[in-house]
Amino acid sequence: MDPLIRYLAGGLSAGALYGLMALGLVLIYRASEVVNFGHGDLAMVSTFAAYTLLRAHAPLPLALGGAVLFGAALGALAERGLLRPARRRRATPLTLVVLTLGLALVLNGLAGLLWGHEIRTFPALVSGPPLRLGPAVITREQLFNLVVGLLLALALYAFLRFTRTGLALRAVTQNPEVARLMGIPVDRILILAWGVGVGLGAIAGILAAPLIYLEPNAMLPLLIKGFAAAVLGGMTSLPGAVIGGWLLGILENLAAGYIATELKTPLAFALIVAVLVVRPAGLLGRPISHRV
Amino acid sequence: MARRIVWGALIAGILGVTAFTLPSYFLYILSLAGIWAIAVIGLDLLTGVAGQISIGHAGFMAIGAYAVALLSLHLEAPFWLALPAAGLLNALIGLALGLPALRLSGPYLAIATLGFGVAVVEILRRWEPVTGGFMGLKVPPPALGPWSLRSDAAQYLLIGILLVLLAGIALRLIRSPFGRAWIALRDREAAAQAAGISRARYRTLAFAVSAFYAGVAGGLLAYRVGRVDPDGLTLMHSIFLVSALIVGGLASVPGAILGAVSLTVLFHLLSGLGTALGWRTEVGDVRNVLYGAALILTAMFLPGGLWRLPMHVRGRRWIPVPSRAPAGEEGGERPMVSVPHIHLGNSGGGRLEVIEVSKRFGGLQALDRVSFTVEPGEIVGLIGPNGAGKTTMLNLISRFYDPDAGAIRFEGHDLLRRRPHEIVRLGIARTFQNVEIFPALTVRENLLVGQHPQARVGLIAVAAGWPSVRREESRLREQAEEVLKWLELSALADRPAGGLAFGQRKWVELGRALVARPRLLLLDEPAAGLHPAERQALRELLRGIREALGCSILLIEHDMNLVMGLCDRIVVLNFGRVIAQGTPAEVAENPLVIEAYLGERREEDAQPTALRSGEGRA
Amino acid sequence: MSVVLSLSAVTAGYGPILALREVSLEVREGEVVALLGANGAGKTTTLRVIAGLLPTLSGSIAFEGRPLHPLPPEERVARGIVLVPEGRGIFPELTVEENLWLGAWRRRDLRAARADLERVFHLFPILRERRRQLAGTLSGGEQQMLAIGRALMAQPRLLLLDEPSLGLAPLVVRHIFEVLRAIHEAGTPLLIAEQNAHLALTLAHRAYILQNGEIRLQGEARVLRENPEVKALYLGR
């Protein structure tokens, strides 16, 4: 029985990180109808920022907070500087995809130039012996990631549900034109959505970094899994992103534990393709109707 | 024919001379550039021409590369077998991928292709017994009988010749009914289907052809590099292919080549510079930054790519155009149509029966047991206040969705068993409320799309450039010419439809419908947005169409003058129900109709009604 | 009566199509003005231009004496120009109450806003009953009431309504027009685009009739109601 609970715990913990990536992707997609292919590299750059701050002996909260804000600022800049002008020029879906791909390339290259390609280790954020919760054994790191992920998801929910700005954001995701008629500054809300979305990705990257190594290309699996979770839960559903993340985390841990570890990454891709083929709307998303 | 020989000789000459005079290193770089160019041309057919995004194309290349490697290693296949085999294998996989891709569009398709590309690499990495795992396989040079093409010059020639051949095929495809079908589906899917183009068929075909090109390119890469391994064709390469396409120019074969060559050369220049300056590892990063910047700048400021730079400089707006015609300016005279004196050939009119049709959208009953008939040769007007269900009716006839109940028959055929692209073959053509012409195609090409069901050409024939294809094209053009003359559009025939004035576009859309020789013409608000003079011309044109072609016409219209003056009978809808049918005179005096449009003529009701739950749903 | 809103020779369009050609009109204090015309005549375009959703190609719009250009829609709401869009434009995945609060989004005076919420519930009791329901589940008539209530929450100094009767049953329409009358009597000028000419002319003081983007007829509602030309403009000669 023990391994199963271990896999579940590990799955929930990893799933929390995938969920955070997915939340950022879905938030950005719902607000601006853009799939942010640069999300992984934005997260990666933020993680490097945290690393740099830590190496400069900044206290932990400052380094992490600073890095997350840095990521959020990059996201806001991407919306303001890239996507808003593109929208003004009536960009096609292809153009928007291409812009985020271009962003990914530029960030990837800059990271390589600034930090090089040596493999670095990111310091663990929590230390201490594993905890025993009943029959399960869970490392502190796993627990930390799970708790942080859960808290952030709840915080996002609370923000959207109970604040004036959150309400405005929800309105913008449903009908941006009418939101204008309510006096809502839609352009500024979009910047906020990107800032928050990328910020969530930055947090996911920072939490994941101690578990993998840090290198400009190291975030790719996390991005793919973020996509897989978002697609699984439904690109238009925020709760779906969280649930998709957990499902993916659990499934991949079970597969790795019971079948083979190598299956982890292929599973994510297989899931993406399978879901898009069978039910493009995902578990909780709105069905994509083929409109005339 | 003479042109082809001249071009062929010129290219052969250039290839030959360069092969034997340029230094090896240059040949190597140009070979790589040529390989990427082939792949980018294939991607262009899928993304630029057919409008389907793919960021997983390196996956197809990888499959091609490994296929060639395995065929060469295990079967000692010569290149003229291995390469086509790799291409065909990819085409099949492309077909298979194209099917589920039908349900996806835009960003979702991008994600799916991303997943595909990365999945291919993962599979290749793990399938050790066959693929050699992460170590990969060595690939012997391309064999031709007893000789093997080992030298840089030989490989360069091989790649160069293949590039020319494949580029030629791509150009021919784009200018054929296939290319027009892809472009039509890309730009106005509903109108394309109404013109007889099957979405399923052409979308999957685009994937198959595109994958073929990528497979051949992958195979050539395997030969050129001498090995295959899973890290050779990754997501970065897929993004490179997209970059080359965007930077060079979407929907343009020369653009694709330009993009691939310039980015490849740029990279190698950088490498050279890097070595000279002593920075080895950072070249890849500088390349990424430059590619990324090029991608962003091009997408924002030069959407047509470098190939369209001259046009851009002259201040013209770029519309993806396969033919060489320059983009048109706004304005121009509106055609005034006089009574036609050219006989179009009477195709007769068909009988349309709508029987008890109902359709509900969510909480709204758009159509409620609607029944009416259009007799052969009749002009029937479908009118009613906004939201009455008129366009829904037309869309049901066009089969864009299904009714909840009822039947629709045309000349005895049950329409409900047909798919949208089959309707025009039964003799029903239509126009749309938003004037859905294909802006990237010329006026003539727009009409040629209307003749799609009549175009009898096969893929191989087009690719090979057989004379039968040209004959068929001439035949179609002649037919289109008749309609162009009739509508007085001949002067505009070779202008991109996107540059025309509004009234002219309406005429083009009508032309596209007429060229299909319909026996029933469905028109959705043909007079919307027209000046009084144009409306007059429209009225005469429609009468003329009925006289010349003998077809039945069902039109939705709000312009009452037009409707009353033109229609034999009128059907009035309100809240999804037929409230009146009859001649214009009868309908105009019908109190129900007057009430529907102007509101009830009653004394004001002074009692306020407080509303409780349970009042009637709209 | 002073002029609240005036359009001077406004031309506007969508791409190559000119939907409005040199349209001039006025709304004065305390008035209800109707914009009539067949479909495609330009009624919706006029309202969208006033609300700031569509730019003018030429001409000018002044509100309470000040030019509206180049204010974006968000700022026009702050000035008091509130549009109830065609098709209601409610947010389907938000509750009735959330929709109403969105109307007051720019307001700082929460207490007064709460009072206004009560007033809206009083005008439309059904909304109070359904306050926690998702707006997408309401019937057409209820959604229209929600849209109007939401507009009221914005404290409009000019209320624009685009086809409020569209797709609604006659009984519902009558109730809505009564509410509109009450709103007008409380002091807010109304500009209503309507397909249902008779109903609109019953409520309005003055009306303009559009055809093909131009004003063909204008005058007092009383007079227009008896004018046979009106019928002709709608139903053809």
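Procedures and definitions
Residues numbered from 1 in each chain as written. Chains lettered and ligands numbered in written order. Predicted model: local features only at pLDDT ≥ 70, side-chain atom pairs only at ≥ 80, totals over all residues. UniProt positions renumbered as here; feature names shortened; annotations may be inferred. Helix = DSSP H or I, 4+ residues; strand = E, 2+ residues; numbered from the N terminus. Rg over C-alpha atoms; globule rule 2.2 N^0.38 Å. Buried ≥ 20, exposed ≤ 12 C-beta atoms within 10 Å, placed from the backbone. Contact = placed C-beta atoms within 7 Å. Domains from an automatic or database assignment. Nonpolar A, V, L, I, M, F, W, Y, C, P; charged D, E, K, R; others polar. Pairing = 2+ DSSP bridges. Axes fitted to C-alpha atoms, helices over the stretch in contact; angles between N-to-C directions. Right-handed = clockwise from strand over helix to strand, strands pointing away.

In the nomenclature of an unreviewed UniProt entry, chain C is known as Amino acid/amide ABC transporter ATP-binding protein 2, HAAT family of Thermoflexus hugenholtzii JAD2. Under the Sequence similarities (unreviewed entry) heading, UniProt states for chain C: "Belongs to the ABC transporter superfamily."

K.L.:
Quick rundown of the overall build of chain C? Include the residues and the values.
P.N.:
Scanning chain C for helices and strands turns up 10 helices and 10 strands. A globule of 237 residues ought to have a C-alpha radius of gyration of about 18 Å, and chain C, at 17 Å, matches this closely. Along the first, second and third principal axes, the C-alpha set of chain C runs to 50 × 40 × 35 Å. Put simply, chain C has 237 residues, and 54% of those count as buried. Sequence separation of at least 24 residues holds for 68% of the intrachain contacts in chain C that already meet a minimum separation of 6.

K.L.:
Let's hear about the domain arrangement of chain C: which residues, and what values?
P.N.:
Interfaces are often sized by the amount of accessible area the parts lose when they come together. Residues and elements named next belong to chain C. Here chain C is partitioned into domain 1 (1-80 + 156-236) and domain 2 (84-154). The gap between the C-alpha centroids of domain 1 and domain 2 is 23 Å. Taken together, the contact pairs 17 residues of domain 1 with 14 residues of domain 2. Only helix H2 (73-79), strand S7 (158-162) and helix H7 (170-185) provide two or more residues apiece to the side of domain 1 that touches domain 2. Grouping the amino acids of the side of domain 1 that touches domain 2 by side-chain chemistry returns 13 nonpolar, 2 polar and 2 charged.

K.L.:
With reference to specific residues and values, describe the sheet that holds strand S7 (residues 379-383) of chain B.
P.N.:
Within a sheet, each strand pairs with its neighbour through backbone hydrogen bonds, oriented either parallel or antiparallel. Residue and element names in this part refer to chain B. Pairing is mixed across the open sheet formed by 6 strands, whose spatial order is S10-S11-S12-S7-S13-S14. Because the sheet does not close on itself, it has two edges, and the strands there are strand S10 (428-430) and strand S14 (577-582). The average angle at which neighbouring strand axes cross in this sheet is 15 degrees, direction not considered. Looking at chain direction, S10 and strand S11 (residues 520-524) are connected through 3 bridges and run parallel. In the strand pairing of S11, arginine 430 is matched with leucine 522.

K.L.:
So what about the environment of B:Met564? Which residues, and what values?
P.N.:
Residue and element names in this part refer to chain B. With respect to the helices and strands, the residue methionine 564 is situated in helix H21 (residues 560-566). Note on methionine 564: 20 C-beta atoms within 10 Å, which makes it buried. Put simply, methionine 564 and glycine 218 are 346 residues apart on the chain and 64 Å apart in space, counted from C-alpha to C-alpha.

K.L.:
Explain the pairing of strand S12 (residues 552-556) of chain B to me, using residue names and the numbers behind them.
P.N.:
Residues and elements named next belong to chain B. In terms of burial, S12 is a largely internal element, 5 of the 5 residues being buried. Of the two faces of S12, the one lined by Ser552, Leu554 and Ile556 and the one lined by Ile553 and Leu555 are each fully buried. Across 4 bridges, the pairing between S7 and S12 is parallel. Bridge pairing in S12 places valine 380 opposite leucine 554. Alignment of S11 against S12, held across 5 bridges, turns out to be parallel. Paired with aspartate 524 across the two strands is isoleucine 556, which belongs to S12. Read as a crossover between parallel neighbours, the route from S11 over helix H20 (residues 532-549) to S12 is right-handed.

K.L.:
Describe the interface of chain A and chain C, with residues and values.
P.N.:
On the side of chain C, 19 residues touch chain A, which itself brings 15 residues to the contact. For the side of chain A that touches chain C, the secondary-structure elements that each account for two or more residues are helix H6 (164-174) and helix H7 (176-181) of chain A. The element contributing the most residues to the side of chain A that touches chain C is H6(A), with 6 residues. A class-by-class count of the residues in the side of chain A that touches chain C yields 8 nonpolar, 3 polar and 4 charged.

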